[in-house]
Amino acid sequence: MARKRKGRDISGWLVVDKPSGVTSTAVVNKVRWAFDAKKAGHAGTLDPAATGVLAIALGEATKTVPYITDALKAYEFTVRLGQATNTDDAEGEVIATSDLRPDDEQIKSALSPFVGDIMQVPPQFSAVKVDGERAYKKARDGEEMELAARPLWVDSLLLTDRPDPDHVVLEMTCGKGGYVRSIARDLGQALGCYAHVTALRRIWSGPFQVGAGLSIEQIDAMAKTPELDTHLLPLEQGLTNLPEVRCLAESVGRLRNGNPASVIASDVQFGEEVWASYDGKAVAVGTYRGGELQPSRVFVD
């Protein structure tokens, strides 16, 4: 018999402003403990050294995680010119140097090929699996790998600051699966001067903004109190990128049991993925079939 998980049946999203030096998993565990929640997960890993938006889903909101993972995200990051490292960030060993320092116009010109549909090779120190093992584990053992390039949509990549000749600050908006470290590495190669990331901050992820994020200290201070619950966003926040349809009262039970049911829609295409609401609450996600929804995910009230 399966062991019943302890904790509260609480659902929603919490935006955390993740500090440097902790893993995304550690933040999830902290939030689950603070809410005494049965279930929690995050929508997109941040490296331990990175900071910024880490959206944590609790309870039924975990069913909406894929829609945040697939959404656009924005990053602000600082690139150190003149040095390449084996990890493509400041935590690695310097493996190549250059005295060349491109000017701002050269850097702006070099950014253009990184916008749009691009192919990107992940860093050697990444969570990509190679022969069933994480690449970073092989890299730590000194093994060099030929990692396959992966497609990435980059919506924008801008130079926002040049604090000194050795550093540039960039802002990138991109889709799922982007490695900022790879952007810095490849930019350095394109400029002929080498480069790596020294600081990385996710400033928004889908509908979640860093300004709304709680710090770990704030979560600790409000842990297991009603005050913390007031910061929980509704699970419907995870569905903002999908069209909404409304269902009738008699459709709610059918949808939650996984059966097709009538819905009311406007400006929705046949075959489009949508979410159905009743009195503003999410009932199900599914495929619109012309006046009817075929549910693929259902939400318990």
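**Some details on the pairing of strand β16 (residues 273–278)**
Walk down a regular strand and you will see the side chains alternate between the two sheet faces.
Part 1: The pairing of strand β14 (residues 244–247) with β16 spans three bridges and is parallel. Looking at β16, one finds that Glu-244 is bridged to Trp-275.
Part 2: Across six bridges, β16 lies against strand β17 (residues 281–288) in antiparallel orientation. Each bridged residue has a counterpart across the sheet, and for Ala-276 the counterpart in β17 is Ala-284.
Part 3: Linking β16 to β17, which pair antiparallel, is a turn of two residues; within it Asp-279 sits at a positive phi near 55°.

**Considerations on the packing of aromatic side chains**
Part 1: Enumeration according to the criterion identifies one aromatic pair in this entry.
Part 2: On the numbers, 5.1 Å between centres and 40° between planes, the contact of Trp-13 with Phe-208 is tilted. Of the two residues, Trp-13 sits in strand β1 (residues 12–18) while Phe-208 sits in strand β13 (residues 208–209), which places them 195 residues apart along the sequence.
Part 3: Looking at Phe-208, the relative accessible area reads 1%, which means it is buried.

**Examining the nonpolar core**
Part 1: If you look at the biggest cluster of nonpolar residues, it comprises 28 residues, and the most contacted ones within it are Tyr-75, Phe-77, Val-79, Leu-157, Leu-170 and Met-172.
Part 2: Taken together, the elements giving at least two residues each to this core come down to β4 (73–81), α3 (104–111), β10 (150–164), β11 (167–174), α5 (180–191) and β12 (195–205).
Part 3: Take this core: its biggest share by element is five residues, from α5.
Part 4: Leave out the neighbours within four places in its chain, and Leu-157 touches Phe-77, Leu-111, Phe-114, Val-115, Leu-170, Glu-171, Met-172 and Ile-183.
Part 5: If you look at the next biggest cluster of nonpolar residues, it comprises 20 residues, including Leu-14, Ile-216, Ile-219 and Met-222.

**A few points about the side chain of Gln-120**
Part 1: The topology assignment puts Gln-120 in strand β7 (residues 116–120).
Part 2: Taking relative accessible area as the criterion, Gln-120 reaches 4% and is therefore assigned buried.
Part 3: A polar side-chain atom of Gln-120 sits 2.9 Å from the main-chain amide nitrogen of Tyr-179.
Part 4: The residues contacting Gln-120, other than those within four sequence positions of it, are Ala-148, Ala-149, Arg-150, Leu-152, Gly-177, Gly-178, Tyr-179, Ser-182 and Ile-183.

**Points about the pattern of salt bridges**
Part 1: Scanning the entire structure with this criterion turns up twelve salt bridges.
Part 2: For Arg-101, the salt bridge goes to Asp-166, with nearest N and O atoms at 2.7 Å. Of this pair, Arg-101 sits in the loop between β6 (94–97) and α3 while Asp-166 sits in the loop between β10 and β11; the two residues are 65 residues apart in sequence, bridging distant segments of the chain.
Part 3: Overall, the relative accessible area of 27% leaves Arg-101 in the partly exposed class.
Part 4: With a shortest N-O distance of 3.8 Å, Lys-108 and Glu-105 are connected by a salt bridge. Remark: Glu-105 and Lys-108 occur in helix α3; sequence separation between them is three residues, near one turn of the helix.
Part 5: Residue classification places Glu-105 among the exposed residues on the basis of a relative accessible area of 53%.

The rules behind the values
- Residues numbered from 1 in each chain as written.
- Predicted model: local features only at pLDDT ≥ 70, side-chain atom pairs only at ≥ 80, totals over all residues.
- Heavy atoms only, no water.
- Pairing = 2+ DSSP bridges.
- Helix = DSSP H or I, 4+ residues; strand = E, 2+ residues; numbered from the N terminus.
- Phe/Tyr/Trp six-rings, centres within 6.5 Å; stacked < 30°, edge-to-face > 60°.
- Buried < 20%, exposed > 50% of the residue type's maximum accessible area, 1.4 Å probe, protein only.
- Core = buried A, V, L, I, M, F, W, Y, C linked by side-chain atoms within 4.5 Å.
- Contact = heavy atoms within 4.5 Å.
- Polar contact = N/O pair within 3.5 Å; in protein donor to acceptor, adjacent residues only side chain to side chain.
- Salt bridge = Lys/Arg side-chain N within 4 Å of Asp/Glu carboxyl O.

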